[in-house]
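Overview (structure and organization)
Read off the chains here:
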Amino acid sequence: MTTLTTTPVARRVSTGRAFLGVLGRDVAVTGREFGSFLSQVLVQPFFLLFVFGKVLSQLGYIAPGYAQLLLPGLLALNAFLVAVQAVALPLVIDFSYTKEIEDRLLAPLSTRMVAVEKIVFGAIRGLIGSLVMIPVGYLVLDRVTWQTGGLPESALLLVLGALAGGAAGLVIGTAVSPRRINIVFAVVITPLLFTGSTQFPFLQISSLRWFQVICALNPITYVAEGLRGALTPQIPHLPGWLCFAALVVACLLFGAIGIQGFVRRALD
């Protein structure tokens, strides 16, 4: 009887250790390549911050205080897109060329848990890519002030946004052939970049209803709007509960589709 009751517990412990071992290996690889990783995640957001938040502001082409709106949007952008890229590109290569994914499948983990590890790892990279933008933003921009009471809510929003990005990356990485990945990224990433309400408040584009509908379909919108509501509540924003609900739905939807696709590709 003792054996029957302790075996499931021991199995869960073993699975947890294996999961953390695989995840730790991926994180360690990122640590060894941290310099190149930073250069990849900082270049584009830095120039967006510098041009829109600094140059155009000093030239008087944008209103004072625009930096308050822009920085949370770029944090949201990095959290989601870095996670997408961290999962999608390696998966396409692993499944098609290196077959390194077969080594992961030999670990004492179920195939679904290997897929979950990919999502979690992508989310970690997305979070790092987002957090490193905070000191950069404070160095580049003038007069950035946040409500410190909104930091816990902001942290949860970034976690959900990064997880949604990792799950979306899993969908792309298991559904796209290597010959088409560059086309898919060009077609998908660019619209995500400009329809995520990162450079403008969602509520203030109501005059462009068709564009507002497109933005509402982009998960980045809810990360950006949620961050503005938590950190800069004086800027018009969507309700926090709506942002959380939309991100949870995005995580579950992309996660279910991505894990199913991962299992299918792993069994081929």
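Residues numbered from 1 in each chain as written. Predicted model: local features only at pLDDT ≥ 70, side-chain atom pairs only at ≥ 80, totals over all residues. Heavy atoms only, no water.

With respect to the overall build of the protein chain
Across its full length, the protein chain holds eleven helices and zero strands. Along the protein chain, from the amino end to the carboxyl end, the secondary structure elements read α-α-α-α-α-α-α-α-α-α-α. Scaling as 2.2 N^0.38, a compact globule of 268 residues should have a C-alpha radius of gyration of about 18 Å, and the protein chain matches this with 20 Å. Based on the C-alpha atoms only, the size of the protein chain along its principal axes is roughly 70 × 45 × 40 Å. At a minimum sequence separation of 6, the contacts of the protein chain that also span at least 24 residues come to 82%. Averaging the coordinates of the 18 positive side-chain charges in the protein chain and doing the same for the 11 negative ones gives two points 4 Å apart. (Helix = DSSP H or I, 4+ residues; strand = E, 2+ residues; numbered from the N terminus. Rg over C-alpha atoms; globule rule 2.2 N^0.38 Å. Contact = heavy atoms within 4.5 Å. Lys, Arg positive; Asp, Glu negative; His and termini not counted. Charge placed at Lys NZ, Arg CZ, Asp CG, Glu CD.)

Details of the layout of surface pockets
Of the pockets and cavities examined, the second largest pocket occupies roughly 210 Å³. Lining of the second largest pocket is provided by 14 residues; of these, Val188, Leu192, Leu217, Asn218 and Pro219 occupy positions nearest its centre. Mapped by element, the contributors of at least two residues to the lining of the second largest pocket are α3 (66–98), α7 (151–175) and α8 (181–194). Here the lining of the second largest pocket is composed, by residue class, of twelve nonpolar, two polar and no charged. (1 Å grid on protein atoms, 1.4 Å probe; cavity = no way out; pocket = protein on both sides within 12 Å on 5 of 7 lines; lining within 4 Å. Points joined across faces, edges and corners; volume = space filled by probe spheres on them. Nonpolar A, V, L, I, M, F, W, Y, C, P; charged D, E, K, R; others polar.)

Considerations on the environment of Leu238
Checked against the element boundaries, Leu238 lands in the loop between α10 (219–231) and α11 (240–267). Contact partners of Leu238, with chain neighbours within four places excluded, come to Phe202, Leu203, Thr221, Tyr222, Glu225 and Cys243.

Observations concerning unusual backbone geometry
The backbone of Ser197 sits at a positive phi, close to 55°, despite the residue not being glycine. Structurally, Ser197 is set in the loop between α8 and α9 (209–216).

Remarks on the confidence of the model for the protein chain
Parts of the prediction with low pLDDT should not have their coordinates interpreted in detail. In the predicted model, the protein chain carries a mean pLDDT of 84, and the fraction of residues at 70 or more is 90%. Ignoring residues within four places in sequence, the model shows residues 1–6, a span with pLDDT below 50, making zero contacts including any to other chains. (pLDDT = per-residue confidence, 0-100.)

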